[in-house]
Amino acid sequence: MKYLCSFCRAFLVRNYKTSKFYLPRYSINCDRFYSTDNFGSGRKIYTDLSQYPVERIRNFSIIAHIDHGKSTLADRLLEITDTIPRDKSNKQVLDKLQVERERGITVKAQTASLIYNYKGEDYLLNLIDTPGHVDFNYEVSRSLAACQGVVLLVDANQGVQAQTVANFYMAFESNLVIIPVLNKIDLKGAQPDIVTQQMKTLFDIDPHTVHKISAKAGTGVEELLHTVIEDIPPPNGSREAVTRALLFDSTYDQYKGVVGYFSIIDGMLTKGNKITSYHNKKTYEIQDLGFMHPLEEPTNSLYAGQVGYIICNMRNAKEAQVGDTYYLQNTEVQPLPGFKAAKPMVFAGIYPSDQSEFNSLRNAIEKLTLNDASVSVHIDSSPALGQGFRLGYLGLLHMDVFSQRLEQEHNASVITSCPNVPYKIKIKGAKNIKKFTTDEITILNPCHLPDKQMIVEMSEPVVTGTILMPDDYIGDVTSLCLERRGEIIDQSYIDNKRIMIKLQLPLNEILIDFYDELKSLTSGYASFDYEDAGYKVSTLVKVDFLINNKAVDELSIICHTSRARVIAKNVCIKLTESIPKQLFTISVQGAVGGKILARQDIKALRKDVLAKCYGGDITRKEKLLKRQAEGKKKMRKIGKVEIPKDAFINALKR
Ligand SMILES: Nc1nc2c(ncn2[C@@H]2O[C@H](COP(=O)(O)OP(=O)(O)OP(=O)(O)O)[C@@H](O)[C@H]2O)c(=O)[nH]1
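Computed from a predicted model, the values in this text were never measured in an experiment.

Chemist: Please clarify how the packing of aromatic side chains should be interpreted in this entry.
Modeler: Aromatic ring pairs are described here by two measures, namely the spacing of the ring centres and the angle between the planes. This model, assessed by the stated rule, comprises 13 aromatic pairs. Centroid distance F168 to Y169: 5.1 Å. Interplanar angle 85°. Geometry classified as edge-to-face. For F168, a relative accessible area of 5% gives the class buried. The interplanar angle of 35° and the centroid separation of 6.4 Å between the aromatic rings of Y515 and F528 together place this pair among those described as tilted. Taken together, the positions of Y515 in helix 11 (residues 514-521) and F528 in strand 27 (residues 527-537) put the pair 13 residues apart, joining distant regions of the chain. Owing to a relative accessible area of 28%, Y515 belongs among the partly exposed residues under this scheme.

Chemist: I'm lost on the site of the ligand in this one. Help?
Modeler: In the vicinity of the ligand, 19 residues are found, and the nearest of them are K70, S71, T72, T106 and D186. Here an oxygen atom of the ligand sits 2.5 Å away from a polar atom, N or O, in the side chain of T72. Separating a nitrogen atom of the ligand from a side-chain N or O atom of D186 is a distance of 2.8 Å. Across the complex, the protein chains shield 85% of the 650 Å² of accessible surface that the ligand would expose by itself.

Chemist: It is not clear to me how the pattern of salt bridges should be interpreted in this structure. Could you clarify?
Modeler: Pairs may arise between side chains of opposite charge once their charged atoms sit close together. For the coordinates displayed, the defined rule picks out 23 salt bridges. Across the pair E121 and R56 runs a salt bridge, and its minimum N-O distance is 3.4 Å. Of this pair, E121 sits in strand 5 (residues 121-129) while R56 sits in the loop between strand 2 (20-22) and strand 3 (57-64), placing them 65 residues apart in sequence. Relative accessible area serves as the criterion here: at 39%, E121 is assigned to the partly exposed category. The salt bridge involving D155 is made with K184; its shortest N-O contact spans 3.2 Å. Highlighted residues: D155 in strand 6 (residues 149-155) and K184 in the loop between strand 7 (177-183) and helix 5 (192-203), separated in sequence by 29 residues.

Chemist: Is there a simple way to explain unusual backbone geometry in this structure?
Modeler: Peptide bonds are mostly trans, and most non-glycine residues show a negative phi. With a phi angle near 55°, D82 is a residue other than glycine that sits in the positive phi range. Within the secondary structure, D82 sits in the loop between helix 1 (70-80) and helix 2 (98-103).

Criteria and cut-off values
Residues numbered from 1 in each chain as written. Predicted model: local features only at pLDDT ≥ 70, side-chain atom pairs only at ≥ 80, totals over all residues. Heavy atoms only, no water. Phe/Tyr/Trp six-rings, centres within 6.5 Å; stacked < 30°, edge-to-face > 60°. Buried < 20%, exposed > 50% of the residue type's maximum accessible area, 1.4 Å probe, protein only. Helix = DSSP H or I, 4+ residues; strand = E, 2+ residues; numbered from the N terminus. Near = heavy atom within 4 Å. Polar contact = N/O pair within 3.5 Å; in protein donor to acceptor, adjacent residues only side chain to side chain. Areas by Shrake-Rupley, 256 points an atom, 1.4 Å probe, with all protein chains shown as cover. Salt bridge = Lys/Arg side-chain N within 4 Å of Asp/Glu carboxyl O.

This is the structure:
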């Protein structure tokens with residue numbers, strides 16, 4: 001029997017003296033592997049899950065602001081339950097993706113099933129480690145749907161931050177049991193009293209109920225695990241009821257096809273069962289199923305209250321709809337509530353670097369969206385960049401991570417265009433125009449904006465933002481927010497030093513560099529979180545860019561009237577830097593309607609026509625220069641500017 005490392009797919013070798021499996025030395029891609037019962041020191045887990053009735057199952061998530069220690073706490077919980085060896089080298093083992101390990105952040109919620117003996121009984125604990133960044137909130141909200149409780153972590157040094165507030169309310173509104181935990185108490189700068197007081201002020205959490213732990217050192221983690229078992233209720237389902245399973249995530253494996261992650265709500269599922277999707281009514285046969293330990297661990301059946309993976313003969317990646325209910329063939333069930341659809345906030349074009357790779361890019365996007373249901377996909381094309389897609393993301397980091405995953409996991413080489421937000425446009429007499437069938441249209445790409453005469457009103461997306469920071473910075477931060485057209489709704493102290501501001505901001509204004517500026521103004525002490533707050537009517541204009549008096553559609557940008565001039569100037573400067581000099585002068589202009597707002601010239605390449613002219617009469621030199629000038633004039637008229645692909649991207653990029 002051979003075992004594969006799930007990270008680098010290298011074969012593990014067995015040391016016959018110790019009977020343990022090791023990664024061969026040549027496997028440089030991987031510096032660790034999980035220890036399960038196959039790999040020596042791991043605890044024996046019973047793969048017969050019928051031994052864990054609903055009363056001895058706990059499903060819980062760890063939620064917190066970014067970097068407050070969720071993945072580190074998950075490591076300790078895996079160690080305490082002997083899922084992985086108690087080894088100092090374990091670092092964020094649930095962050096399996098290459099992008100997560102490179103960036104040191106969690107972008108994908110991960111499940112692990114832990115077995116823990118408490119008061120003489122074995123419990124099956126399904127732990128979900130969630131991302132902290134606001135762009136991956138959809139992962140958190142879906143994870144919460146599979147849980148009955150959460151561990152809310154707060155860094156004892158940094159205190160309550162913007163995402164702590166957002167995550168608390170997400171769990172609170174889902175009626176989940178919240179176990180408050182103060183992490184990093186080993187740090188010198190830890191301020192447990194102040195931070196527990198912040199939790200009291202903001203969330204009405206009794207300071208005596210707050211666990212004080214160090215996820216890094218392991219202090220207090222075992223007691224926390226006992227509280228999880230005592231306080232979080234078991235799932236509601238019943239083994240006797242008609243089988244219903246909720247698909248909460250999926251991924252694509254090149255060998256196994258679609259792998260669906262299911263929460264079994266009622267009944268049970270066994271290998272060979274035929275299951276039907278409520279969404280598309282197609283029936284599939286279960287070929288393999290199991291649970292995440294955290295690696296896939298095959299079993300024969302999954303029972304009510306348990307969480308696991310299922311592989312069936314699902315050929316097409318599009319068939320797996322996250323939030324769909326599956327049931328046994330020929331039974332009748334009510335569908336489960338599913339999930340609220342994710343609402344993409346940021347759109348950007350994505351094109352293959354080489355047009356011949358369009359189809360493979362389409363396949364790669366299909367497979368990756370299976371693992372990231374929050375991305376929306378539309379076909380798009382651009383005269384400069386060819387055929388491609390316009391993808392909708394939850395934020396800029398999400399966009400960056402998705403492009404990186406496309407390259408790393410699917411070998412796709414892509415060009416990403418400048419991100420923009422979707423605008424809603426009310427247009428005149430739309431019903432009389434064949435092209436539009438409604439009065440209101442949503443524009444995902446600025447070059448699709450209808451003519452000015454047709455536009456009645458334009459609206460842009462706005463968000464409700466939360467900023468938490470020390471009060472020393474309030475002046476600078478308020479100026480920044482006002483400069484970005486923000487309106488402060490509320491501000492209050494959360495302790496005697498830190499202040500929380502609630503404000504409304506146009507999404508377009510925070511898209512690119514708002515967070516960076518906020519961080520630099522506050523020396524990194526401010527945290528920012530936002531949520532969708534609908535649309536607001538605004539005076540917006542489309543800035544067009546002209547190269548040698550010819551408008552180039554791909555460069556158009558929609559922005560607020562007050563920012564048009566600055567944006568036009570910046571893009572013109574970037575374009576002049578990226579378009580190579582040619583034998584004639586090239587003008588680059590930014591314009592709104594017919595009005596030119598900014599202009600930059602790319603100077604002509606100077607050919608030294610005097611090079612061969614040694615000495616001689618000055619009139620001879622003048623004659624040569626005059627002839628050159630006349631030639632250039634002629635060229636500018638007939639000359640077609642060749643704009644390199646990079647120039648588009650550089651100008652469009654931040
Ligand atoms: N001193 C100390 N450092 C800790 C403790 N817990 C976590 N850390 C450190 O905090 C940093 C962030 O920890 P992570 O576990 O990656 O945090 P996270 O919340 O999972 O981060 P995201 O997934 O990116 O949101 C790492 O450098 C950890 O080593 C602790 O109890 N004490």
